[in-house]
Structures are given as structure tokens and as C-alpha cells.
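# Residue-level structural notes
Each chain, letter by letter, is given below.
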Amino acid sequence: MDKIRIKGGRPLRGKIPISGAKNAALKLMAASLLTDEVLALSNVPQLADIATMANLLGQHGVSIGLNGSNATPGHTMELRAATITNVTAPYELVRKMRASIMVLGPLVARCHAAKVSLPGGCAIGTRPVDLHIAALERMGAEITLDDGYINASAPKGLRGAEIVFPIVTVTGTENAMMAATLAKGETLIVNAAREPEVADLAHCLVAMGAEIDGIGTDRLRIVGKDRLHGASHTIIPDRIEAGTFVMAVAMTDGDVELIGARQEHIQSACDVLARAGVAVEKTGQGLRVCRSGVLRGVDVTTEPFPGFPTDLQAQMMTLMCVAEGASMITETIFENRFMHVPELARMGADITVHGSSAMVRGVPKLKGAPVMATDLRASGSLVLAGLAAEGETTLSRIYHLDRGYERLEEKLRACGAEIERIRG
Ligand code: EPZ
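Values in this document were obtained by computation on a predicted structure and should not be read as measured data. (Residues numbered from 1 in each chain as written. Predicted model: local features only at pLDDT ≥ 70, side-chain atom pairs only at ≥ 80, totals over all residues. Heavy atoms only, no water.)

Following Phe 305, the chain continues to Pro 306 via a peptide bond in cis, the omega torsion being 15°. With respect to the helices, strands and loops of the structure, Pro 306 is situated in the loop between β18 (300–301) and α10 (313–320). (Helix = DSSP H or I, 4+ residues; strand = E, 2+ residues; numbered from the N terminus.)

Now for the site of the ligand. The environment of the ligand is formed by 23 residues, the closest being Leu 131, Thr 169, Thr 171, Asp 311 and Ile 333. The side chain of Lys 22 places a nitrogen or oxygen atom 3.1 Å from an oxygen atom of the ligand. Between the ligand and Arg 377, the relevant distance is 2.9 Å, taken from an oxygen atom to a side-chain nitrogen or oxygen of the residue. Among the elements of the structure, α1 (22–30), α5 (130–138), α6 (170–180) and α12 (376–388) are those that each provide at least two residues to the shell around the ligand. Residue classes in the shell around the ligand are distributed as eleven nonpolar, five polar and seven charged. (Near = heavy atom within 4 Å. Polar contact = N/O pair within 3.5 Å; in protein donor to acceptor, adjacent residues only side chain to side chain. Nonpolar A, V, L, I, M, F, W, Y, C, P; charged D, E, K, R; others polar.)

Attention now moves to the sheet that holds strand β23 (residues 392–396). Spatial ordering of the open sheet is given by β22-β23-β1-β24, a layout of four strands whose pairing is mixed. Each edge of the sheet is formed by a strand with only one pairing partner; in this case those strands are β22 (370–372) and β24 (418–422). Neighbour-to-neighbour, the strand axes of the sheet open up by a mean angle of 20°, direction not taken into account. Strand direction decides the pairing type here: strand β1 (residues 3–7) and β23, joined by four bridges, are antiparallel. Counterpart to Ile 4 in the pairing with β23 is Leu 395. (Pairing = 2+ DSSP bridges. Axes fitted to C-alpha atoms, helices over the stretch in contact; angles between N-to-C directions.)

So this is what it looks like as C-alpha cells:
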């Protein structure tokens with residue numbers, strides 16, 4: 001298996017282009033199931049998860065054309081579900097990527113039936129999909145769970161309903177919203193997720209002819225249509241990639257412009273970072289990041305958008321490892337999202353976990369060491385640690401990284417990092 005080797009201690013300086021958002025692209029691809037016309041997506045990131053979703057949609061009968069090359073920033077993908085030849089999402093594909101659950105709502109809405117493997121848990125938590133199922137049942141789907149599959153049917157099609165989510169769920173909101181676009185009547189989603197990726201999907205659905213009010217708020221009103229038509233849509237920049245790089249620049253005391261990054265998508269993180277001594281300023285092309293003084297420990301609690309994103313928690317913890325003072329980091333979204341802690345400890349970090357909180361006491365320097373990636377965002381945090389550490393860090397199991405960070409080594413090398421992929 002491939003590894004990444006980093007020689008730390010070099011400040012990042014220059015420009016980094018931000019790719020299209022993985023967590024928008026995956027749902028936008030699934031939205032192609034809602035129409036028999038072409039959905040053209042641009043700024044598609046080239047990631048393992050995108051390829052997995054393309055394979056899944058392909059076996060449903062979606063034809064997919066991808067153009068662009070590594071040279072062109074962002075790729076254009078044309079998807080067409082002229083006819084859906086298969087409503088089953090098999091375990092062998094779904095187990096590779098939880099976001100496969102995003103075909104459930106569109107399949108039931110368009111084909112009135114779906115058989116989708118339960119995604120199962122993952123490293124960061126059990127990650128049930130009970131709220132997705134409950135939302136579709138509210139819309140009239142009959143759902144049974146047999147042999148690890150969600151069997152859904154709505155012979156007369158879905159009908160509009162009021163759906164109140166007891167907790168904020170990003171993909172739950174997105175599945176319900178996509179299903180509602182073809183339901184008979186009006187659907188109200190209460191306590192909807194407000195992540196920018198949810199709004200991006202909603203804007204695309206409106207371009208496809210859907211009627212959605214309240215985009216960007218926690219109350220979405222959708223009036224169902226008989227059919228949706230094709231559209232073209234440009235995917236928003238990846239705020240988690242951008243936030244990861246903001247922290248990488250702060251870690252290495254560098255100065256970088258993140259091209260395409262949008263501050264309003266990571267405002268809560270920028271507010272926390274400002275208190276920690278990291279300046280993030282808007283420029284004509286994106287965001288400029290550099291330290292504004294001594295790096296200080298600050299407390300952080302993850303929350304649904306617009307709060308501090310759970311997907312930046314590991315990266316923030318890594319930054320706090322080399323700050324002056326202490327930082328209490330509390331994870332409220334997932335039950336097991338501290339697996340980067342033992343790996344950071346191997347590099348000399350001083351972190352004590354108490355349940356869902358971790359107390360980080362800053363140390364002057366981290367020391368390079370062999371470490372192992374455990375999940376996508378934790379592996380990003382270990383790259384950050386390696387960039388700032390004294391000496392050499394090798395990161396194994398980097399297939400986790402390839403799921404969510406496009407051309408990571410290339411982007412960092414262009415800003416002076418000594419980082420290379422060792423083919424294994
Ligand atoms: C999305 O996951 C993202 N993934 C995650 O990013 C992100 O961490 C998460 O939202 C929170 O922002 C994609 O968009 C593909 P949730 P999702 O449903 O939708 C519980 C990454 O690194 N819950 O908002 O699966 C759940 O267990 C990934 O890119 C239920 O109990 O997350 C969690 O505790 C990691 N029942 C909480 O809600 C359900 O039916 C929030 O989960 C659904 C969720």
C-alpha cells in the first residue's frame with residue numbers, strides 16, 4: 001500500500017487551488033437519477049469517492065461522461081439516467097462508501113422502489129440511517145429491513161409530508177429533499193441541515209425544475225413536480241479542504257492564498273482561528289492565511305453548520321498541539337472521532353481524552369514518526385502534523401486520504417512542502 005513521507009519544518013508559502021466539494025459532488029451525482037435528461041456538473045473533484053459513486057450510478061443505468069485532465073482545475077461530468085435499469089445498490093459497492101445511501105431517496109421518488117444495502121458503521125461511529133428511513137416512511141414509502149438491505153416501495157409514488165428531524169442530519173436532509181422534489185404535494189422539512197453542500201444541492205435541484213423555498217435555512221418547503229429536467233451546475237469549493245489547508249499554513253507559520261475558498265463557508269472556524277492567532281482574510285481570488293501573532297490554545301466544540309464543523313475537528317486539534325497554553329476540544333456529532341489522538345501522541349503531542357472532550361496541552365514541537373491513517377479527516381490531520389514536525393513522518397493507509405483530498409501532495413509541494421508518495 002502507498003505511503004506518504006514528509007520532512008517537516010518548512011513554512012508553506014504560495015497559492016493553493018481549492019477543488020470542488022466532495023460532500024456536494026456525491027449528492028449532486030445522485031440527483032441525476034431524478035431526471036431522464038442530462039445533468040452536467042463542473043468543478044468535479046477527482047477523488048476515489050467520486051469514482052465509487054460513478055460505479056454505483058453506472059450499475060443503476062446512468063451513463064456518465066467525464067472530461068478534463070489533471071491539468072485542468074475541476075472536471076466536467078455529464079450524467080444521464082435515461083432509464084433506470086436496476087434499483088438495487090449492492091453491499092459490495094455501498095460498503096466502500098456510506099454516501100451511497102444518497103441513491104435511496106431519488107430511486108424511490110423516480111422508480112417508486114429501491115433496494116439499498118445498509119451502509120454499516122465506519123471508523124468514526126455507528127452512523128445509523130434510521131432518520132433517512134423515517135423521512136421516506138412519512139412520505140408514504142413502505143420500508144422493510146431484510147438481510148442487511150433497505151427494501152423501499154411506494155407503488156403509488158411518494159406524497160408530500162411534514163418531516164421533523166429530531167437531530168440535524170446532512171444526508172438525511174438531502175435524501176428527504178431529493179425525494180420530495182417528485183412527491184405529490186408539498187413537503188416541509190423542519191430542523192433541516194444548513195451545511196453549504198445542502199444549499200448547493202438545493203440550488204441544483206431548482207435549476208432542474210424543482211420548487212424549493214427556505215434554502216440555507218433549517219426549514220425547507222418543497223412542492224413536488226411530475227418530473228425534473230436536465231441542468232448545468234458548478235459545484236461549490238470544498239470548505240473542508242480549504243479549512244484543512246488554513247490549519248496547515250498556521251501549523252507551519254506560512255503565508256498562502258487559497259484560490260476559490262469562500263470565507264462564509266468556514267466562518268465559524270475562522271472566528272476560532274482568529275482567537276488562536278491565525279488571520280484569514282478575503283482576497284480577490286479567495287482567502288489569504290497567515291499567523292497574526294503567537295499561536296494560542298482556544299476551546300472548540302463541534303456543531304452542525306454554521307457551528308464549528310466536525311470535519312475540521314482533527315485538524316484543529318493538531319494545530320492546538322503546538323499552540324501556547326491549553327485547548328479543550330469537544331466533539332458533539334460523532335461518538336468516536338478521536339482516533340487521531342494516539343497517532344498524534346506518537347509524535348509527542350500532549351492530549352488527554354475525557355469522553356467526548358480532549359484536553360490538548362501545547363508543546364514546543366512535534367517530532368516526526370511513522371503514523372497510521374484511520375479515517376479521512378484524521379489522516380488529513382496527520383499530514384498537518386508531519387508538515388510541522390521536526391524530522392520525518394511516514395503516513396500509512398493513505399487510501400483514506402485519497403477519498404477526500406485531490407492532488408494533496410502536489411498542492412503542498414507547490415508551496416514548499418517536502419512531501420512525496422511512496423508507491424507500496
Ligand atoms: C455528512 O455525513 C458528511 N458526509 C460527513 O462528512 C460530515 O461529518 C457529517 O455530514 C456532519 O457534518 C457526507 O456528506 C457524504 P449526519 P452524514 O447524518 O450525513 C446521526 C467526511 O469526512 N444520525 O449529519 O452521514 C449520526 O450518527 C464525512 O467528509 C442518526 O442518528 O452525517 C451523527 O451522530 C465524515 N441517524 C449525526 O446524526 C440518521 O439517520 C449527524 O450525522 C442519520 C444521522
